[in-house]
Amino acid sequence: MKQLVILSGKGGTGKTSVAAALAHLASQEAATVMADADVDAANLELVLAPTRLEEHVFMGGQVAIVDAQACTACDRCAEVCRFDAVIPGDESYAVDTSACEGCASCFYQCPADAIRMEEQQAGQWYRSRTRFGPLFHAHLFAGQENSGKLVTLVKQQARLLALDTGARLLIVDGPPGIGCPVISASAGADLALLVVEPTVSGVHDLERILGTTEHFGVPALVLINKADLNARQVQEIEAFCASRGVRVVGHVPFDIVVTEAMVHGQPVTVHTNGAVSSELRLTWQRIRGLLWE
Amino acid sequence: MILAVASGKGGTGKTTVAVNLALAVSSQRTNQSDAEVIFLDCDVEAPNGALFLHPTIERRQEVGLLIPEVDFAKCTYCGRCAEVCQYSAIAVVQRKVLIFAELCHGCGSCALNCAEGAIREKLRVSGVIEQGLARGPMRFAQGVLNVGEAMSVPVIRQLKQRAIPHDAHRCLVILDAPPGTSCPVVETMRGADLVLMVTEPTPFGLHDLRLAVEVAREELGLPVAVVINQDGVGDEGVDRYCQSEGLRVLMRIPMDRRIAEAYAEGRPMVEVLPEYRQRFVDLYRRIMEAAGR
């Protein structure tokens with residue numbers, strides 16, 4: 001079983017549209033499992049029309065809660081909190097749970113034993129069925145921490161099912177950026193597909209995400225999306241990739257059909273058969289060749 | 001006035017709106033009493049504002065977290081530090097203390113709880129904060145997370161602490177937020193007077209806008225207004241949502257290939273399409289109204 005993760009650095013370059021198309025194309029050839037690792041803005045379900053089979057609670061971190069009766073407003077908690085999470089008051093103090101990182105420093109320091117630590121539900125995760133195979137996805141509640149932990153959980157579940165059922169491929173739709181959820185999404189991947197757009201921002205962020213995949217030892221390929229937007233930036237991406245020994249496996253043109261497919265809730269390769277779809281088919285063939293070579 | 005520019009979904013035009021608003025307002029500044037513009041790039045995983053504003057960096061400061069360091073002359077291997085650490089960043093096994101720096105949140109609880117005073121804290125660098133001036137003229141600051149580092153929140157927190165002046169109410173402080181809805185976004189929005197959501201009228205845009213609005217309004221209690229970018233693509237979902245939620249749409253930027261091409265080259269819209277200069281000044285006026293200023 002191979003694991004392919006779709007990443008980008010910069011947001012909005014087309015990761016999810018590409019992931020959905022690859023899920024469609026790959027599943028026509030072999031059993032495929034999908035995981036949406038962008039748990040704070042999960043969009044894959046919008047184009048895969050999943051039927052939810054299971055729903056599970058995700059317990060995230062803990063937060064400090066102050067017992068107002070026991071609090072003596074001595075200020076010790078505010079003194080030790082490094083996350084500005086303590087809200088001082090005249091009679092008693094309180095904790096801003098959106099700022100609390102659950103370190104329990106205040107819990108240990110409170111002389112009045114007025115603070116307790118409470119586990120919080122931080123989200124939910126789901127196992128679903130789609131016409132292209134099983135999908136594991138999640139919803140991290142607004143503003144929660146521990147997205148990396150939830151990504152790891154979703155991927156673990158997807159991987160176990162893929163191994164149990166003898167699936168050949170796990171496609172992981174990654175989050176933007178280069179930080180904790182991206183690192184969790186890339187862990188254990190055989191290959192990363194970096195979706196980049198030919199803009200100054202796209203090029204800048206490609207260098208950062210490639211640095212990240214190299215740092216964690218995941219081989220990478222590049223797909224240039226909206227490739228006819230700017231010839232000069234395309235050349236720059238190609239030169240950069242050549243200098244780093246990274247293959248460019250596709251040039252998808254800028255076309256409104258990608259948005260139309262999204263509005264229709266379909267992968268673009270299901271929605272149309274134009275230039276975008278045929279380039280994505282070629283791209284998939286190249287990726288497939290490299291995954292199982 | 002502290003304005004956070006956010007979106008949920010990536011690539012909807014946060015940086016475009018933040019940069020052009022900053023340029024339009026700063027160039028209109030005719031005397032000392034007008035608001036000085038301060039641009040903070042809080043998307044520390046993929047910071048792109050500088051590609052458009054070309055700041056001259058005058059100060060660079062390495063930032064990170066204070067992580068524990070054990071003085072083995074004093075350590076009794078009692079294991080208390082490992083017991084109080086909520087992140088499993090310390091393990092005491094036989095006569096060894098292992099510190100997993102990448103798991104540490106820098107809360108300092110281990111040092112406070114060490115009865116022997118055997119734990120000192122030292123800075124572990126995970127990023128850099130750069131401050132300077134950009135044409136406009138405006139003050140510019142950005143945080144840059146080092147490649148391979150997981151935690152962006154400490155860099156964002158320190159960027160805001162250093163670069164937001166005490167008289168922020170007299171300035172226009174623009175915070176360019178990262179995509180998503182989890183802790184880095186919360187850290188960016190916290191303390192803002194208004195959150196301006198830049199969205200695209202597509203199903204992905206709407207899905208992530210809802211989540212981002214939930215973070216800003218429900219979690220943080222901040223007022224929210226909307227800019228619709230690429231107006232005309234996609235469907236009616238975003239407009240219907242804004243209407244039903246009572247969210248004011250302060251500006252609409254049409255789908256225009258010239259804007260995309262200028263962006264690709266790193267050229268601000270207000271310079272390529274001068275008619276937008278006044279439109280962004282108008283946006284500023286509406287922002288002030290929406291924030292009750």
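Quick look at the structure, then. Position numbers for residues count from 1 along each chain, tracking the sequence in the order it is written. Working convention: letters from A go to chains and numbers from 1 go to ligands, in the order in which they are written. The predicted nature of this model means local features are confined to residues of pLDDT at least 70 and side-chain atom pairs, given and counted, to a pLDDT of 80 or more, with totals for whole chains, interfaces and linings taken over all residues. Note that water and hydrogens are dropped before the side-chain values are worked out from all heavy atoms of the structure.

1. Some words on the overall build of chain A
Definition in use: A helix here means a DSSP run of H or I that spans at least four residues, while a strand means a run of E at least two residues long, and both kinds are numbered starting from the N terminus. Every residue pair with non-hydrogen atoms within 4.5 Å of one another is taken to be in contact. Throughout, the Shrake-Rupley method with a 1.4 Å probe supplies accessible areas, and for residues the shown protein chains are the sole cover considered.
When helices and strands are tallied, chain A shows eleven helices and eleven strands. Summarising its shape, the C-alpha atoms of chain A cover approximately 70 × 45 × 35 Å along the three principal directions. A fraction of 75% describes how many contacts in chain A between residues 6 or more apart in sequence connect residues 24 or more apart. Accessible surface, chain A as shown: approximately 11,000 Å² in total, 47% of it carbon and sulfur.

2. Some words on the packing of helix H1 (residues 14-28) of chain B against helix H11 (residues 275-290) of chain B
Residue and element names in this part refer to chain B. Test applied: Here an angle of 0 to 180 degrees is reported between the N-to-C directions of two axes, which are lines fitted to C-alpha atoms, with helices fitted over the stretch in contact. Geometric relationships in this document are graded by angle, where less than 35 degrees denotes roughly parallel, more than 145 denotes roughly antiparallel, 65 to 115 denotes roughly perpendicular, and other angles denote oblique. The classification used treats Ala, Val, Leu, Ile, Met, Phe, Trp, Tyr, Cys and Pro as nonpolar, Asp, Glu, Lys and Arg as charged, and all other residues, Gly among them, as polar.
Packing of H1 against H11 leaves a shortest axis separation of 8 Å and a crossing angle of 95°. When the axis of H1 is compared with that of H11, the two are roughly perpendicular. Residues Val17, Asn20, Leu21, Leu23, Ala24, Val25, Ser27 and Gln28 of H1 touch H11, and the partners they reach there are Arg277, Phe280, Val281, Leu283, Tyr284 and Ile287. Tallied by class, residues from the contact of H1 with H11 come to ten nonpolar, three polar and one charged.

3. A few points about the nonpolar core
Residue and element names in this part refer to chain B. Basically, it comes down to this: As used here, the term nonpolar core means buried Ala, Val, Leu, Ile, Met, Phe, Trp, Tyr and Cys residues forming a set that is joined through side-chain atoms within 4.5 Å. Under the scheme applied here, a residue whose accessible area is under 20% of the maximum for its type counts as buried, over 50% as exposed, and between as partly exposed, the area being computed with a 1.4 Å probe on protein chains only.
By size, the foremost hydrophobic cluster in this structure holds 84 residues, and its most contacted members are Leu40, Met189 and Met197. By residue number, the principal contributor to this core is helix H7 (residues 203-219), which donates six residues. Here Met189 is in contact with Ala4, Ala6, Lys160, Val195, Met197, Ala212, Val215, Ala216, Leu220 and Leu222, once residues within four sequence places are set aside. Counting 43 residues, the second-largest nonpolar core is a separate cluster that includes Val227, Leu250, Ile259 and Phe280.

4. Focus: the interface of chain A and chain B
To keep it simple, the criterion reads: When two parts are brought into contact, each loses some accessible area as probed by a 1.4 Å sphere; the total of that loss over both is the buried area. Any carboxyl oxygen of Asp or Glu within 4 Å of a side-chain nitrogen of Lys or Arg constitutes a salt bridge here. Polar contact is the term for a pair of N or O atoms within 3.5 Å; when the atoms are in protein, one must be able to donate a hydrogen and the other to accept it, and sequence-neighboring residues count only if both atoms are side-chain atoms.
Each side of the interface is counted separately: chain A has 63 residues, and chain B has 63 residues. When the two sides are added together, the surface that chain A and chain B hide from each other amounts to roughly 5,000 Å², 55% of it contributed by carbon and sulfur. Three residues, Arg82(A), Tyr108(A) and Arg208(A), lead the burial of chain A against chain B; their summed loss comes to 13% of the area buried on that side. Between chain A and chain B we count four salt bridges in total. With a shortest N-O distance of 2.7 Å, Arg82(A) and Glu121(B) are connected by a salt bridge. Our count for the contact surface shared by chain A and chain B stands at 34 residue pairs in polar contact (both at pLDDT 80 or more).

5. Regarding the packing of H7(B) against helix H8 (residues 237-245) of chain B
All names here are of chain B. Note the following rule: Left-handed describes a crossing whose near helix is turned anticlockwise from the far helix through less than a right angle; right-handed describes the clockwise counterpart.
Interhelical geometry of H7 versus H8 gives an angle of 25° and a closest axis separation of 10 Å. With respect to H8, the axis of H7 lies roughly parallel. Regarding H7 and H8, the two cross each other, and that crossing is right-handed. Where H7 approaches H8, its residues Leu206, Leu209, Arg210, Val213 and Arg217 are matched on the opposing element by Gly237, Val238, Tyr241 and Glu245.

6. Regarding the environment of Thr51(A)
Tracing the backbone shows Thr51(A) in strand E3 (residues 51-66). Apart from the residues lying within four places of it in its own chain, the contact partners of Thr51(A) are Arg127(A), Ser128(A) and Arg129(A).

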